[in-house]
Amino acid sequence: MAKKIIMDVDTGTDDAVAIMLAALHRDLDLVAVTTVNGNVPLEQTTDNTLRVLEWIGRGDIPVYAGLNKQVARQDFPTPRASKRDSKVHMPILPLPAPTGKRQHKSAPQFLIEAFAADPGLTLVAVAPLSNIATAIALDSSFVENVSELMIMGGGITRSNMTASAEFNIWADPEAAAVVFSAGFKKITMVPLDATHQATISEDQCAEFRMLKTRAANAAAELIEFRINGYKTTTIGPVPDNAPVHDALCIAALVDQSVIETRRVNVVVETTGDYTVGCTVVDHRHLTKREPNCDVAFNADGKKFFEIMRSTFA
Ligand code: RIB
Ligand code: CA
């Protein structure tokens, strides 16, 4: 039976590829998508999400909009697309405007009700964690009702927003701190260290284009945009490649061996002068803090590409 998942996204070029992978893979049943402020403002993450789903003929999947800012901070300059990373994300994805609309219910309320009704659901959060933290604050049984939470975010030794923080965690650090310490039964964290081991190349985009499907063409266009963006920054160590962070989480749900995890403790820094949003990963078990998370230390880029290629075909 297909694994039922709900995605929380800030679409975003890599979110878009992840959504297509989740919506089209035969082993996954994408029940709904929730949106949050992040790469672009909430209105645009929602509009972009609707565009992606309709483009691949999955406009039947409902979209719920959530928080349009951080849970606590008034002063953080997200969204990201107006900043350095504008070369990797686009305000509006190059797909036709959607005909469908978002649902009326708010994302946190929907998440609470969906997980209460179906404990078999998996939650995949590939964006700032504002919606998830709000659901936790609103309903004391939410954490218990989520059997599995997969998060793209954080870094072990890598960062991409500040010298110490990854974007999804940095963009709402208080929310992230709440989520990591909430007591979820199973959290898998896919950090930058893993996503940068599974980058996609220009040649692989050309292979997508040869498939001549809507999903493959869109994936190629979005990933090529990311590759060009990385060429003009210093953060892409492999030439003509780019990570497609969020999609790696989906591939790992389909085939666990795409990532190699270790169970460790992770906490989120919220007060440091230089380290707000840093994920402190106790990979040598130097503290007495209980492990709370399976962290992906490695990723298999070949398997990741093959899962995308076969799904988009
Ligand atoms: O740091 C990578 C993450 O930040 C990805 O989820 C990307 O979409 C952005 O949200
Ligand atoms: Ca994202």
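Our subject is the structure listed above.
None of these values were measured; they are calculated from a predicted model.

Each value, and the rule that gives it
Residues numbered from 1 in each chain as written. Chains lettered and ligands numbered in written order. Predicted model: local features only at pLDDT ≥ 70, side-chain atom pairs only at ≥ 80, totals over all residues. Heavy atoms only, no water. Axes fitted to C-alpha atoms, helices over the stretch in contact; angles between N-to-C directions. Helix = DSSP H or I, 4+ residues; strand = E, 2+ residues; numbered from the N terminus. Parallel < 35°, antiparallel > 145°, perpendicular 65-115°, else oblique. Left-handed = near helix turned anticlockwise from the far one by under 90°. Contact = heavy atoms within 4.5 Å. Phe/Tyr/Trp six-rings, centres within 6.5 Å; stacked < 30°, edge-to-face > 60°. Buried < 20%, exposed > 50% of the residue type's maximum accessible area, 1.4 Å probe, protein only. Lys NZ or Arg CZ within 6 Å of the ring centre and 35° of its normal. Donors = N, O, S within 2.8 Å, 3.2 Å for Na, K, Ca; no water. Near = heavy atom within 4 Å. Polar contact = N/O pair within 3.5 Å; in protein donor to acceptor, adjacent residues only side chain to side chain. Areas by Shrake-Rupley, 256 points an atom, 1.4 Å probe, with all protein chains shown as cover. Nonpolar A, V, L, I, M, F, W, Y, C, P; charged D, E, K, R; others polar. Disulfide = S-S within 2.5 Å. Pairing = 2+ DSSP bridges. Salt bridge = Lys/Arg side-chain N within 4 Å of Asp/Glu carboxyl O.

K.L.:
So what's going on with the packing of helix H9 (residues 202-211) against helix H12 (residues 301-312)? Residues and values would help.
P.N.:
Axis separation between H9 and H12 bottoms out at 9 Å; the angle between their running directions is 15°. As the angle between them shows, H9 and H12 are arranged roughly parallel. Taken as a pair, H9 and H12 cross one another with a handedness that is right-handed. On H12, the residues that touch Gln204, Glu207, Phe208 and Leu211 of H9 are Phe305, Met308, Arg309 and Phe312.

K.L.:
Go over the packing of aromatic side chains with me, naming the residues and quoting the values.
P.N.:
Following the criterion strictly, the structure yields six aromatic pairs and no others. Their ring planes at 85° and their centres at 5.8 Å tell us that Phe115 and Phe142 sit as a pair that is edge-to-face. Of this pair, Phe115 sits in helix H3 (residues 107-117) while Phe142 sits in helix H5 (residues 142-145); the two residues are 27 residues apart in sequence, bridging distant segments of the chain. With respect to burial, Phe115 and Phe142 carry one shared label: buried. Where Phe167 meets Trp170, the ring centres are 6.4 Å apart and the plane angle is 35°; that geometry is what we call tilted. With Phe167 and Trp170 both in helix H6 (residues 167-170) and three residues apart, the pair spans about one turn of that helix. The class for Trp170 is buried, based on a relative accessible area of 10%. The lysine or arginine in question, Arg214, covers the ring of Trp55, its NZ or CZ lying 3.9 Å from the ring centre. The side chain of Arg262 reaches across the aromatic face of Phe297, ending 4.4 Å from its centre.

K.L.:
With reference to specific residues and values, describe the coordination of the calcium ion (ligand 2).
P.N.:
Around the calcium ion (ligand 2), the donor atoms from the protein are Asp10 (OD), Asp15 (OD), Asp15 (OD), Val126 (O) and Asp246 (OD), and they sit 2.3 to 2.7 Å away. Taking relative accessible area as the criterion, Asp10 reaches 1% and is therefore assigned buried. The exposure class of Asp15 is buried, given its relative accessible area of 0%.

K.L.:
Quick one: what's the story with the site of ligand 1, residue by residue and with numbers?
P.N.:
Of all residues adjacent to ligand 1, which total 15 residues, the nearest are Asp14, Asn160, Glu166, Asn168 and Asp246. Contact between ligand 1 and Asp246: an oxygen atom at 2.5 Å from a side-chain N or O atom of the residue. Starting from 280 Å² of accessible surface for ligand 1 in isolation, the protein chains cover 100%. Among the elements of the structure, helix H1 (13-24), H6 and helix H11 (245-254) are those that each provide at least two residues to the shell around ligand 1. Along the lines of polarity and charge, the residues of the shell around ligand 1 split into four nonpolar, five polar and six charged.

K.L.:
Break down the state of the cysteines for me, citing the residues and quoting the values.
P.N.:
Inspection of the entire model under this criterion finds zero disulfides. There is no disulfide at Cys205, and the cysteine sulfur nearest it, in Cys249, is 19 Å away. No disulfide involves Cys249; its nearest neighbouring cysteine sulfur is the one of Cys293, lying 11 Å away.

K.L.:
So what's going on with the pairing of strand S12 (residues 293-299)? Which residues, and what values?
P.N.:
With six of seven residues buried, S12 lies mostly within the body of the structure. Pairing geometry for strand S6 (residues 187-190) and S12, over two bridges, is parallel. Residue pairing in the sheet places Thr188 in a bridge with Asp294 of S12. By the bridge criterion, six bridges tie strand S9 (residues 259-264) to S12 in an arrangement that is antiparallel. Among the inter-strand pairings, Ile259 is bridged to a residue of S12, identified as Ala299.

K.L.:
Pulling in residues and values, what's your account of the pattern of salt bridges?
P.N.:
A full pass over the atoms with the stated rule returns 15 salt bridges. With a closest N to O distance of 2.8 Å, Arg102 and Glu43 form a salt bridge. Linking Arg102 in the loop between strand S3 (63-65) and H3 with Glu43 in helix H2 (residues 42-55), this pair joins segments that are 59 residues apart in sequence. In this structure, Asp240 and Lys231 form a salt bridge, with 3.5 Å as the shortest nitrogen-oxygen distance. Owing to a relative accessible area of 35%, Asp240 belongs among the partly exposed residues under this scheme.

K.L.:
So what's going on with the environment of Thr195? Residues and values would help.
P.N.:
On the secondary structure map, Thr195 appears in helix H8 (residues 192-195). Taking the C-alpha atoms as reference, Thr195 lies 15 Å from Pro239; in sequence the two are 44 residues apart.

K.L.:
Quick rundown of the side chain of Asn48? Include the residues and the values.
P.N.:
Residue position: Asn48 is located in helix H2. A distance of 3.1 Å separates a polar side-chain atom of Asn48 from the backbone oxygen of Pro91. If we skip the residues at most four places from it in the chain, Asn48 touches Thr11, Gly12, Val40, Met90, Pro91, Ile92 and Leu93.

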